[in-house]
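If you want the building blocks of each chain, they are given just below.
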Amino acid sequence: DAKTTQPNSMESNEEEPVHLPCNHSTISGTDYIHWYRQLPSQGPEYVIHGLTSNVNNRMASLAIAEDRKSSTLILHRATLRDAAVYYCIHGYGGSQGNLIFGKGTKLSVKP
Amino acid sequence: DSGVTQTPKHLITATGQRVTLRCSPRSGDLSVYWYQQSLDQGLQFLIQYYNGEERAKGNILERFSAQQFPDLHSELNLSSLELGDSALYFCASSVYPGQNTEAFFGQGTRLTVV
């Protein structure tokens, strides 16, 4: 199974940037890096994904290391609504695209 | 709202019984995934369908089965239920299987086996 390593928990202050790290040293050259988050009592929600280049969307930015063994999800201004478990995933099973979730990072946001 | 609809939202049943969970994917999505989330195991991939065909299997028990129908909705059947099957069951859908796509998850069905 694809394996990623993330901190169990992180804390942030509201309206400050948050950098969530992820190590994926066993990633293959064709595996995409995905980030999902799960708010309390809800299903997982897509955040962002990328292959090699850094990616930006309305929710976050994804910075991928040059050797692709690690990546960082950046929330530019954390809000209370961003408190969630953030999962970093890299592709499993080639074209099948099944997401294999780890334990994720629980992000707390303080007002 | 992700566009993925799961019914029922809650289900309470007794050990030994059989239940069916239903998932309607987002309009236009051909691929459906089922996941189980329990407190001690986290989110576990169960099975994936694409356009009616089984595409990949994960940690799905033999007592569990699923199918995707011609209208693309999917059902997950759980039989001979045990206390340990109590969990949240999520369905997700994507336009096609593959890594360069995003999956949309439903709100889940909370199954309680008593």
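Residues numbered from 1 in each chain as written. Chains lettered and ligands numbered in written order. Predicted model: local features only at pLDDT ≥ 70, side-chain atom pairs only at ≥ 80, totals over all residues. Heavy atoms only, no water.

Peer 1: Residue-level account of the nonpolar core, with values.
Peer 2: Core analysis: the biggest nonpolar cluster contains 21 residues, and B:W34, B:L76, B:L78 and B:Y89 have the highest contact counts within it. Counting residues per element, the ones that place at least two in this core are β3 (19-24), β4 (31-38), β5 (42-50), β7 (64-68), β8 (74-78), β9 (87-94) and β11 (109-113) of chain B. Apart from residues lying up to four places away in sequence, B:L78 is in contact with B:Q17, B:R18, B:V19, B:L21, B:R63, B:F64, B:Y89 and B:L111. Of all hydrophobic cores here, the second largest spans 20 residues; its members include A:I33, A:W35, A:A78 and A:Y86. (Core = buried A, V, L, I, M, F, W, Y, C linked by side-chain atoms within 4.5 Å. Buried < 20%, exposed > 50% of the residue type's maximum accessible area, 1.4 Å probe, protein only. Helix = DSSP H or I, 4+ residues; strand = E, 2+ residues; numbered from the N terminus. Contact = heavy atoms within 4.5 Å.)

Peer 1: Account for the sheet that holds strand β2 (residues 18-23) of chain A, with residues named and values stated.
Peer 2: Residues and elements named next belong to chain A. Across the sheet, four strands lie side by side as β2-β7-β6-β5; this open sheet has antiparallel pairing. Looking at the sheet topology across the chains shown, the edges are occupied by β2 and β5 (55-56). With six bridges connecting them, β2 and strand β7 (residues 70-75) associate as antiparallel partners. Within β7, the residue paired with C22 across the bridge is S71. (Pairing = 2+ DSSP bridges.)

Peer 1: Got a sec to walk through the pairing of β9(B)? Specific residues and values, please.
Peer 2: All names here are of chain B. For β9, the tally of buried residues reaches eight of eight residues, placing the bulk of the element in the interior. Both faces of β9 are covered, namely the face carrying A87, Y89, C91 and S93 and the face carrying L88, F90, A92 and S94. One ladder, built from seven bridges, connects β4 with β9; its direction is antiparallel. The residue bridging S31 from the neighbouring strand is S94, located in β9. Summarising the sheet, β9 and β11 pair through three bridges and their orientation is antiparallel. Within β11, the residue paired with A87 across the bridge is L111. As judged from the two bridges shared by β9 and strand β10 (residues 104-105), these two strands associate in the antiparallel manner.

Peer 1: How would you sum up the sheet that holds β3(B)? Please name residues and give values.
Peer 2: Residue and element names in this part refer to chain B. One open sheet holds the four strands; their spatial order is β1-β3-β8-β7, and the pairing between them is antiparallel. Of all the strands in the sheet, just β1 (5-7) and β7 have a single pairing partner and so form its edges. Averaged over neighbouring strand pairs, the angle between their axes works out to 15° when direction is ignored. Relative to β8, β7 runs antiparallel, the two being bridged by five bridges. Following the sheet pairing, F64 is matched in β8 by L78. (Axes fitted to C-alpha atoms, helices over the stretch in contact; angles between N-to-C directions.)

Peer 1: Requested: an account of the interface of chain B and chain A, with residues and values cited.
Peer 2: Each partner contributes residues to the interface: chain B has 19 residues there, and chain A has 23 residues. Summing both partners gives a buried area of about 1800 Å² for chain B against chain A, and 47% of it is carried by carbon and sulfur. A per-residue breakdown of the area chain B buries against chain A is headed by B:L43, B:Q99 and B:F105, which together make up 37% of the total. On the surface where chain B and chain A come into contact, there are zero salt bridges. For the interface between chain B and chain A, the tally reads five residue pairs in polar contact (both at pLDDT 80 or more). Within the residue set of the side of chain B that touches chain A, elements represented by two or more residues are β4, β5 and β6 (53-57) of chain B. Of the residues assigned to the side of chain B that touches chain A, the class counts are nine nonpolar, eight polar and two charged. (Buried area = accessible area lost by both parts, 1.4 Å probe. Salt bridge = Lys/Arg side-chain N within 4 Å of Asp/Glu carboxyl O. Polar contact = N/O pair within 3.5 Å; in protein donor to acceptor, adjacent residues only side chain to side chain. Nonpolar A, V, L, I, M, F, W, Y, C, P; charged D, E, K, R; others polar.)

Peer 1: An account of the state of the cysteines is needed here, citing residue identities and associated values.
Peer 2: Tallied over the entire structure, the rule returns two disulfides over all chains. Bridging A:C22 to A:C88, the disulfide has an S-S length of 2.1 Å. With the S-S bond torsion at -80°, the cross-link from A:C22 to A:C88 turns out left-handed. Of the two residues, A:C22 sits in strand β2 while A:C88 sits in strand β8 (residues 84-90), which places them 66 residues apart along the sequence. Paired by a disulfide, B:C23 and B:C91 hold their sulfur atoms 1.8 Å apart. Taking the sign of the torsion about the S-S bond as the criterion, the disulfide between B:C23 and B:C91, at about -55°, is left-handed. Placement of the pair is B:C23 in strand β3 and B:C91 in strand β9, with a sequence separation of 68 residues. For B:C23, a relative accessible area of 0% gives the class buried. (Disulfide = S-S within 2.5 Å.)

Peer 1: Before we move on, could you go through the environment of B:F105 and cite the residues and values that matter?
Peer 2: Structurally, B:F105 is set in strand β10. On the basis of relative accessible area, B:F105 is assigned to the buried category, the value being 2%. Considered as a pair, B:F105 and B:W34 are 71 residues apart in the sequence and their alpha carbons are 9.4 Å apart. Apart from residues lying up to four places away in sequence, B:F105 is in contact with A:Y36, A:G43, A:P44, A:L99, A:F101, B:S2, B:V4, B:Y35, B:F90, B:C91 and B:A92.

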